[in-house]
Amino acid sequence: MDNAPATTELVVITGMSGSGKSVALNALEDLGFYCVDNLPPELLEAFIDLDRHDRLRKVAIAMDVRSAKSLPGLPRRLAALRSRDVQLTTLFLDSTTDTLVRRFSETRRLHPLSLEETDDQRRALTDAIEYERELLAELREQALVLDTSLTRAAQLRSQVKELVGATRTPMTLVFESFAFKRGIPMDADFVFDVRMLPNPHYEPLLKPLTGRDALVARFLEASPDVLAMEDQIRGFLQHWLPHMERDHRSYVTVAIGCTGGQHRSVFLVERLAAFFGGDWVARVRHREADYWSRT
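Remember, it's a predicted structure, so these values are computed and weren't measured experimentally.

Rules used in this analysis
Residues numbered from 1 in each chain as written. Predicted model: local features only at pLDDT ≥ 70, side-chain atom pairs only at ≥ 80, totals over all residues. Heavy atoms only, no water. Helix = DSSP H or I, 4+ residues; strand = E, 2+ residues; numbered from the N terminus. Buried < 20%, exposed > 50% of the residue type's maximum accessible area, 1.4 Å probe, protein only. Phe/Tyr/Trp six-rings, centres within 6.5 Å; stacked < 30°, edge-to-face > 60°. Lys NZ or Arg CZ within 6 Å of the ring centre and 35° of its normal. Pairing = 2+ DSSP bridges. Axes fitted to C-alpha atoms, helices over the stretch in contact; angles between N-to-C directions. Contact = heavy atoms within 4.5 Å. Core = buried A, V, L, I, M, F, W, Y, C linked by side-chain atoms within 4.5 Å. Arc of directions from axis to C-beta.

**Digging into unusual backbone geometry**
Point 1. Phi angles above zero are rare outside glycine, and Asn38 is one such case at about 65°.
Point 2. Relative to the helices and strands, Asn38 resides in the loop between strand 2 (34-37) and helix 2 (44-53).
Point 3. Asn38 gets classed as partly exposed once you look at its relative accessible area, which sits at 28%.

In structure tokens:
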């Protein structure tokens, strides 16, 4: 009988209060992970040792500002686990301050760092959120960041399930299209603005279509400026992605934005993902996909 300790796959979920950590934890539970919410960081190593004794292979733990006093030591504890036989992924869920204020206001929940009642509850909530960002800044730098500002619960569950699988590869690229009018994705490592390119929106036949449709693709391929933009983005990424891989990056998000996130950005995201998919794992995310279906 083999008594060697089993490799533990550990996913640590952290991030801003109200950003969807409970949804992410539930998604991992669906994948067969043993899930624990709000484990104090000082118990992390002991908990992993206990799991190994019980032969648990897949563990997901949510840690956040509810353990504020212990958070400063968490990066050191995670680094120690990486040196052991633990396959570690850290997900950081984030949202804009306005989104978090709205969510707390709608649910009437108190923020974990909220102080006593004041006359200006919005100001107090905003201050608590900004203080939380300061406490979590170091963790955010070391994690895979997911911006949930415009993400529904069902979308977040799908993203978490896909990303946990993707992190088993050396480096994963996510090419994301978005609309500037709805804000820049907070999880982007690189952002490219393609609003200066010819816009199919002004062609009646192309307006209801997307960048994944053949008619739109032919329209954009006929433009030297579009092809030049694609070539220059390719060249930039071809130069710098190997450097990022050597720096042990496991996840890079490249965001391409146009006005509505429907034609130009979608077309370029699809092309870039197809091109780079031969060297790395390439994922595609069209942030405004649900938005198109409502228009």
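Text resumes after the structure shown.
**Focus on the packing of aromatic side chains**
Point 1. Summed over all chains, the structure comprises 7 aromatic pairs.
Point 2. Between the aromatic rings of Phe175 and Phe276, the centroid separation amounts to 5.9 Å while the plane-to-plane angle is 25°, which identifies the pairing as stacked. Of the two residues, Phe175 sits in strand 6 (residues 172-179) while Phe276 sits in helix 9 (residues 264-276), which places them 101 residues apart along the sequence. Each member of the pair, Phe175 together with Phe276, is buried.
Point 3. Connected via pairs of aromatic rings, a cluster forms that spans Phe175, Phe275, Phe276 and Trp280.
Point 4. The aromatic ring of Phe180 is capped on one face by Arg195, whose charged end is 3.7 Å from the ring centroid.
Point 5. The ring of Phe275 carries Arg234 above its face, with NZ or CZ at 3.9 Å from the centroid.

**Section: the sheet that holds strand 8 (residues 251-258)**
Point 1. The strand order 7-8-6-9 describes an open sheet built from 4 strands, whose pairing is parallel. Taken across any chain shown, the strands that pair with only one partner, and hence form the sheet edges, are strand 7 (190-193) and strand 9 (281-286). Averaged over all neighbouring strand pairs, the angle between strand axes comes to 20°, with direction disregarded.
Point 2. Alignment of strand 6 against strand 9, held across 6 bridges, turns out to be parallel. Along strand 9, the bridge assignment pairs Leu173 with Ala282.
Point 3. Against the sheet, helix 8 (residues 224-246) touches strand 6, strand 7 and strand 8, its axis set at about 170° to strand 7.
Point 4. The strands touched by helix 9 are strand 6, strand 8 and strand 9; relative to strand 6, the strand with the most contacts, the crossing angle is about 170°.

**Focus on the nonpolar core**
Point 1. By size, the foremost hydrophobic cluster in this structure holds 30 residues, and its most contacted members are Leu10, Leu39, Leu44, Ile61, Leu74 and Leu78.
Point 2. At the level of secondary structure, the elements contributing two or more residues to this core comprise strand 1 (8-15), helix 2, strand 3 (58-62), helix 3 (74-82), strand 4 (86-94), helix 4 (97-107) and helix 5 (121-141).
Point 3. Counting residues per element, this core draws most heavily on helix 5, at 5 residues.
Point 4. Sequence-distant contacts of Leu10, that is, excluding residues within four places in its chain, are made with Leu44, Ile48, Val59, Ile61, Leu81, Val86, Gln87, Leu88 and Thr89.

**A short note on the sheet that holds strand 4**
Point 1. With parallel pairing, the 5 strands of this open sheet are ordered in space as 2-3-1-4-5. Looking at which strands have only one partner, the edges of the open sheet turn out to be strand 2 and strand 5 (144-147). Along the sheet, successive strands turn relative to each other by an average axial angle of 20°, direction set aside.
Point 2. Sheet topology places strand 4 next to strand 5; 4 bridges connect them, and they run parallel. For Leu93, the partnering residue across the bridge sits in strand 5 and is Leu146.
Point 3. The sheet contacts of helix 1 (residues 21-30) involve strand 1, strand 2, strand 3 and strand 4, and relative to strand 1 the element is tilted by about 165°.
Point 4. With respect to the sheet, helix 3 is in contact with strand 1 and strand 4, its orientation differing from that of strand 4 by roughly 145°.

**Some words on helix 1**
Point 1. Looking only at helix 1, the buried set comprises Lys21, Ala24, Leu25, Ala27 and Leu28. Mapping the buried residues of helix 1 onto a view down its axis gives an arc of 155°, with all of them on the same face. Facing away from the buried side of helix 1, by more than 90 degrees, are the exposed residues Ser22 and Asp30.
Point 2. Phi turns positive, to about 95°, at Gly32, one or two residues after helix 1.

**Focus on the environment of Leu81**
Point 1. Mapped onto the elements, Leu81 comes out in helix 3.
Point 2. What makes Leu81 buried here is its relative accessible area of 0%.
Point 3. A C-alpha to C-alpha distance of 9.0 Å links Leu81 and Ile48, two positions 33 residues apart in sequence.
Point 4. Filtering out sequence-adjacent residues up to four positions away, Leu81 remains in contact with Leu10, Leu44, Ile48 and Val86.

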